[in-house]
Structures are given as structure tokens and as C-alpha cells.
Amino acid sequence: MKKPITRSLQLAAVRKDAAALTAVEAGSGQRVYTFKASDGDFDRYSDRLRVKGWRVEGYNANGVVLFNHDDGAQAASTGAEPALPIGKGRVYVEGDALMIDIVFDDEDDFARKVERKVAKGILNAASVRYLMLPGQYRQNERGGFDCDAQELLEVSIVTIPGNARALRAKSLDGEGDDIVERIAQRVVELLAKRGDDVPTDDEDTKPDAGERPPANESKPEPGEPSSDDPPTEDDEDKTKPKNFDAPEAAKQFVEAFKQHIQGV
């Protein structure tokens, strides 16, 4: 029977990168950062992990988040002060990815430094440490392992990720919401102005009393319709009032714009 394998690259860490999203405000007032922690494609170590094969119950019972996989083991041998977790995480499978929501420890100075760099986009990646379960892995054509089931041990914010797809994801959270709201406000103003400029059925289009309409002193060119000709269907469309709800139109625009930015 095959023995379990813990992939290790410094501090027994397998580094699968994660795409970070900007912080959003949780209901409790905590800042929650969402990362894509792993997917089912090859990483830089030629491993492929089945997304549906993640065992996360143990991790979620004690969801520590470290920095660069520093669990304090090295400090124990050097006498240095051991590193402590910088936050808590909750992992879950969503679509074709393992996701994690991270809350940093705002009472820890170092954790606050890491969070500021994540918020600024200086640190964009997370990494998982996992244990390949016995009988659930096999060597693949690239020299790594294809794993059908693996237990998640730990998640870290890292400086150098192990997955080439560690790109920061688009987000409209935080400052993005403010940008969209400003755009929406401008759209409301423009639509309202457009609505004011379009004539309605109630507007009196007749000339004022005492005024005479200008005489038609010239004949129409050949092929041009005379003023006496009945209006065409296109002419009727152009003269029909455009009655619409500007705020509702702006709301629809905002939703469509958000979906476009988020790649929906």
C-alpha cells in the first residue's frame, strides 16, 4: 500500500498559488479576503489535484493562515521566536477551484502589515500545504503526481507562488464600488437630461399666438418628399416621445457593468 505523501518545498509546503480579491466588509465588520487556493490543472511542480477530492473538514475546524508556510518548526531549532498564525481561514469548493476566505488578525502587528500589502496588491498569492492520501495518487507523464484525494493541512499567504495562474482577480469590492457608483450617478444625470430634452405628447408644439409660420419659398428638389407628404414609419419613430425611467435604466447599467468587470 502506498504511503501518504506530504509535498514539501521548504517547511514541507506545497505551493499552489491563489488569486486574491480585494477585501469586502463582512456582516461582523471584519475585512474578508477571498482567494482561489487551488485548481485542477498542473502546477509548477507538475502535480494535478482533483478539486472534488479535497478533504477540508479538519482544516476548517482549525483554519490557521500562515505567512510563507512558516509554522514555527525552524524557530524551535534556532531558538528564535516562533511564528504565529496571521489570520483565520475558511475553505470551500466553488466550481473548479478550492476557495478560501481569510480574516487577518488585526491585533497582531505583523498580520496587519501582511494585510496592508494584500490590500494594496503587493501580495496577491496564497498557497496550500496538503497530504496526499494513501492509494489516491499516481505519477503522471510530467514526473509529478495526479492526486484524486488530498487532505488540506494549512494555507499561507506567500511571496512566491507555485502556480503560473496566480493572477490577481478582477474585483469591484472596495474602491471599485465607489467608481461604479460615480459612473452610475453620471449615467443618471445624462439619462435625466435626455428625458427632459425629448418632447412629450403634452408639450404644445403650436406656434405662439401672433406668430406666423415661415413661408415655404422654395420647392423641394426632385425625389425629396414635400411637406405635404404623409410621414413615413421612420419619421414617426423619430417623433415619438421616448418615455423611460432614468434611475431604473441607470440601475440596469450598473448591474451590467459589474457583470462585465467580473467576467460573468
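Chemist: I'd love a proper account of the overall build of the protein chain, names of residues and values included.
Modeler: If you tally the helices and strands in the protein chain, you get six helices and twelve strands. Buried residues in the protein chain amount to 33% of all 264 residues. By sequence separation, contacts in the protein chain at least 24 residues apart represent 71% of the contacts at least 6 residues apart. Of the accessible surface of the protein chain, which amounts to about 16,900 Å², a share of 49% is contributed by carbon and sulfur atoms.

Chemist: Talk me through the confidence of the model for the protein chain; I want residue IDs and the actual numbers.
Modeler: Taken over all residues, the pLDDT of the protein chain has a mean of 74, while the share at 70 or more is 56%. When mean pLDDT is taken per element in the protein chain, strand β5 (residues 54-55) scores highest with 97 and strand β2 (residues 24-25) scores lowest with 49. Across residues 8-23, where pLDDT falls below 50, the model places 89 contacts with residues more than four positions away in sequence or in other chains. Throughout residues 166-175 the model reports pLDDT below 50, and contacts reaching past four residues in sequence, or to other chains, amount to 28 contacts.

Chemist: Tell me what's going on with the side chain of D39, and back it up with residues and numbers.
Modeler: Along the chain, D39 falls in strand β3 (residues 31-39). Engagement of the side chain of D39 in a polar contact is seen with the backbone nitrogen of D41, the distance being 3.2 Å.

Chemist: Tell me about the sheet that holds strand β10 (residues 137-139), and please be specific about residues and values.
Modeler: Pairing in this open sheet of three strands is mixed, and the strands run β4-β11-β10 from one edge to the other. Two strands close off the open sheet at either side, each with one partner strand: β4 (48-49) and β10. Pairing analysis gives two bridges linking β4 to strand β11 (residues 145-147), with the strands arranged parallel. Paired with L49 across the bridge in β11 is C147.

Conventions adopted
- Residues numbered from 1 in each chain as written.
- Predicted model: local features only at pLDDT ≥ 70, side-chain atom pairs only at ≥ 80, totals over all residues.
- Heavy atoms only, no water.
- Helix = DSSP H or I, 4+ residues; strand = E, 2+ residues; numbered from the N terminus.
- Buried < 20%, exposed > 50% of the residue type's maximum accessible area, 1.4 Å probe, protein only.
- Contact = heavy atoms within 4.5 Å.
- Areas by Shrake-Rupley, 256 points an atom, 1.4 Å probe, with all protein chains shown as cover.
- pLDDT = per-residue confidence, 0-100.
- Polar contact = N/O pair within 3.5 Å; in protein donor to acceptor, adjacent residues only side chain to side chain.
- Pairing = 2+ DSSP bridges.

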